[in-house]
Amino acid sequence: VEVVCGNSPRVHHATGLICLDAAMDYLIRFLAGGIVVSLFAVVGDVLRPKSFAGLFGAAPAVALATLTLAFWKHGGAYVSIEGRSMILGAIAFGV
Amino acid sequence: MVIRVKLAALQQGHWYEYLVRFALGGFATVVAGVVADIWGPTAGGLFLAFPAIFCASATLIEKHERERKEKKGLKGKERGKNAAALDAAGAGLGSAGLAVCGAVMWLLAIDTALGSLALATAIWFAVSVLLWRVRRELRVYRT
């Protein structure tokens, strides 16, 4: 069940339900992320040798989908902070 | 070794495997968004490097390679494991490229939106390929 409650807060304070605009935002995120991840995964599928194809397992698919939306909604400063944290996330992935 | 494209590999996959990848990619992106909304961009950024593709691909590669060998009447279990290990090695190198990609976003995102995204992706690819090439050269040199 969704309710309309503006951009902030994303969860309706009285009911605890997810706001309609936030739900739409998450739906767009889901579709964008799914499409970008699928595209990179297909590229990795068809490339040989397998060690080279494996590079695409670490493609910035989630980052591209998320940061494109973040630019649109929050601007460059917000994206810059996310990029800085992404470095740590990538190091954790490599380990 | 020459890098080549093998389109026949797409025929090995089932429709539901592509659906699972799509769902996993979408879910990971939503989680990154939810975390950023609740705890801010510093926490959300950590999830931008979530290995959505690798998680979905590694198991599929192992399965496809095993099935391919078993169709020929050979034991494919070991071969499947090796194929998944090669994929993981590549992903490990790609993660270094991903870190550089994050650094480019960190440094350039304030100045240019589309430019930083395009440059970060290009640099991820360049760094990953460079590391892969260096690794190959070192392996040849050792043997």
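Computed from a predicted model, the values in this text were never measured in an experiment.

Turning next to the pattern of salt bridges. Residue and element names in this part refer to chain A. Taken as a whole and assessed by the stated rule, the structure comprises four salt bridges over all chains. Ionic pairing is found between Lys-73 and Asp-25, a salt bridge with its closest N-O pair at 4.0 Å. Placement of Lys-73 in helix H3 (residues 61-73) and of Asp-25 in helix H1 (residues 20-46) is noted, with a sequence separation of 48 residues between them. Look at the salt bridges and you will find they share partners, linking Asp-25, Arg-29 and Lys-73 into a network.

Along the polypeptide, B:Asp87 turns up in helix H4 (residues 77-108). With no salt bridge to any partner, buried B:Asp87 finds its closest opposite charge in B:Arg21, at an N-O distance of 8.2 Å.

On to the packing of aromatic side chains, then. Across all of its chains, the model carries ten aromatic pairs over all chains by this definition. Between A:Phe56 and B:Trp124, the aromatic rings sit 5.6 Å apart at their centres with planes inclined by 85 degrees, giving edge-to-face as the arrangement. In this pair, A:Phe56 sits in the loop between helix H2 (50-53) and H3 while B:Trp124 sits in helix H5 (residues 113-142), so the two residues belong to two different chains. Here the two residues A:Phe56 and B:Trp124 agree in accessibility, since each one is buried. Taken together through their ring pairs, the aromatic side chains of A:Phe40, A:Phe52, A:Phe56, B:Trp124, B:Phe125 and B:Trp132 make up a single cluster.

Let us now look at the nonpolar core. Core analysis: the biggest nonpolar cluster contains 42 residues, and A:Phe40 and B:Met105 have the highest contact counts within it. When contributions to this core are tallied by element, the ones reaching two or more residues are H1, H2, H3 and helix H4 (76-94) of chain A together with helix H1 (15-39), helix H3 (52-71), H4 and H5 of chain B. If we ignore the near neighbours within four places in the chain, the residues touching B:Met105 are A:Leu67, A:Phe71, A:Val79, A:Ser80, A:Gly83, B:Ser116, B:Leu117 and B:Ala120.

Turning our eyes to something else, we now look at the interface of chain A and chain B. Facing the 55 residues of chain A at the interface are 69 residues of chain B. With both sides pooled, the region where chain A packs onto chain B buries about 5500 Å², and carbon together with sulfur makes up 75% of that total. Between chain A and chain B we count one salt bridge in total. In this structure, A:Asp45 engages B:Arg21 in a salt bridge whose closest nitrogen and oxygen atoms are separated by 2.7 Å. Viewed at the interface, chain B and chain A are joined by ten residue pairs in polar contact (both at pLDDT 80 or more).

In this section: the packing of H4(A) against H4(B). Relative orientation of the contacting elements H4(A) and H4(B) amounts to 165 degrees, with a least axis distance of 7 Å. In terms of orientation, H4(A) lies roughly antiparallel with respect to H4(B). Read as a crossing pair, H4(A) and H4(B) show a hand that is left-handed. In this structure, H4(A) uses A:Val79, A:Ser80, A:Gly83, A:Arg84, A:Met86, A:Ile87, A:Ala90, A:Phe93 and A:Gly94 to contact H4(B), whose residues at the interface are B:Ala91, B:Ser95, B:Leu98, B:Ala99, B:Cys101, B:Gly102, B:Ala103, B:Met105 and B:Trp106.

Residue and element names in this part refer to chain A. On the surface, a nonpolar cluster with roughly 560 Å² of combined accessible area is contributed by Met-24, Leu-27, Ile-28, Leu-31, Ile-35 and Leu-39. Tracing the backbone through its elements, the reader meets Leu-27 in helix H1. By relative accessible area, Leu-27 is classed as partly exposed at 46%.

As a further point, take the confidence of the model for chain B. The predicted model of chain B averages 85 in pLDDT, with 98% of residues at 70 or higher. No element of chain B has a lower mean pLDDT than H3(B), at 78, and none a higher one than helix H2 (residues 41-46) of chain B, at 91.

Reading the values: the criteria
Each chain has its residues counted from 1, following the order in which its sequence is written. Chain labels run from A onward and ligand labels from 1 onward, assigned in the order the entries are written. With the structure being a predicted model, the display of local features is reserved for residues of pLDDT at least 70 and the display and counting of side-chain atom pairs for 80 or more, all residues being used for whole-chain, interface and lining totals. Think of the side-chain values as coming from all heavy atoms in the structure, minus any hydrogens and water. We define a salt bridge as a contact between a side-chain nitrogen of Lys or Arg and a carboxyl oxygen of Asp or Glu at a distance within 4 Å. For helices the rule is a DSSP run of H or I covering at least 4 residues; for strands it is a run of E covering at least 2, with both sets numbered from the N terminus onward. Per-residue accessibility, obtained with a 1.4 Å probe over protein chains only, is compared with the maximum for each type, and a residue is labelled buried under 20%, exposed over 50%, and partly exposed between these values. The charge count treats Lys and Arg as positive and Asp and Glu as negative. His and the chain ends do not count. Aromatic pairs are defined between Phe, Tyr and Trp rings, using the six-membered ring for Trp, whenever the two ring centres lie within 6.5 Å; interplanar angles under 30 degrees are classed as stacked, those over 60 as edge-to-face, and all others as tilted. Definition of nonpolar core: a set of buried residues of the types Ala, Val, Leu, Ile, Met, Phe, Trp, Tyr and Cys, connected through side-chain atoms within 4.5 Å. Residues are treated as being in contact if the distance between any of their heavy atoms lies within 4.5 Å. When two components associate, each loses some accessible surface as probed by a 1.4 Å sphere; the sum of these losses over both components is called the buried area. Whenever two N or O atoms come within 3.5 Å, that pair is a polar contact, provided that in protein one can donate a hydrogen and the other can accept it, and provided that, for residues adjacent in sequence, both atoms are side-chain atoms. Lines are fitted to the C-alpha atoms to define the axes, a helix being fitted only along its stretch in contact, and any angle between axes, read from their N-to-C directions, falls within 0 to 180 degrees. We call two directions roughly parallel when the angle between them is under 35 degrees, roughly antiparallel when it is over 145, roughly perpendicular when it lies between 65 and 115, and oblique otherwise. A crossing counts as left-handed when the near helix is turned anticlockwise from the far one by less than a right angle, and as right-handed when that turn is clockwise. Any residue with relative accessible area above 30% and no salt bridge may belong to a patch, with like charges joined within 9 Å and the nonpolar Val, Leu, Ile, Met, Phe, Trp and Tyr side chains within 5 Å. Only the protein chains shown count as cover for residues, with accessible areas throughout obtained via the Shrake-Rupley method and a probe of 1.4 Å. A score between 0 and 100, pLDDT records how confident the predictor is in each residue.

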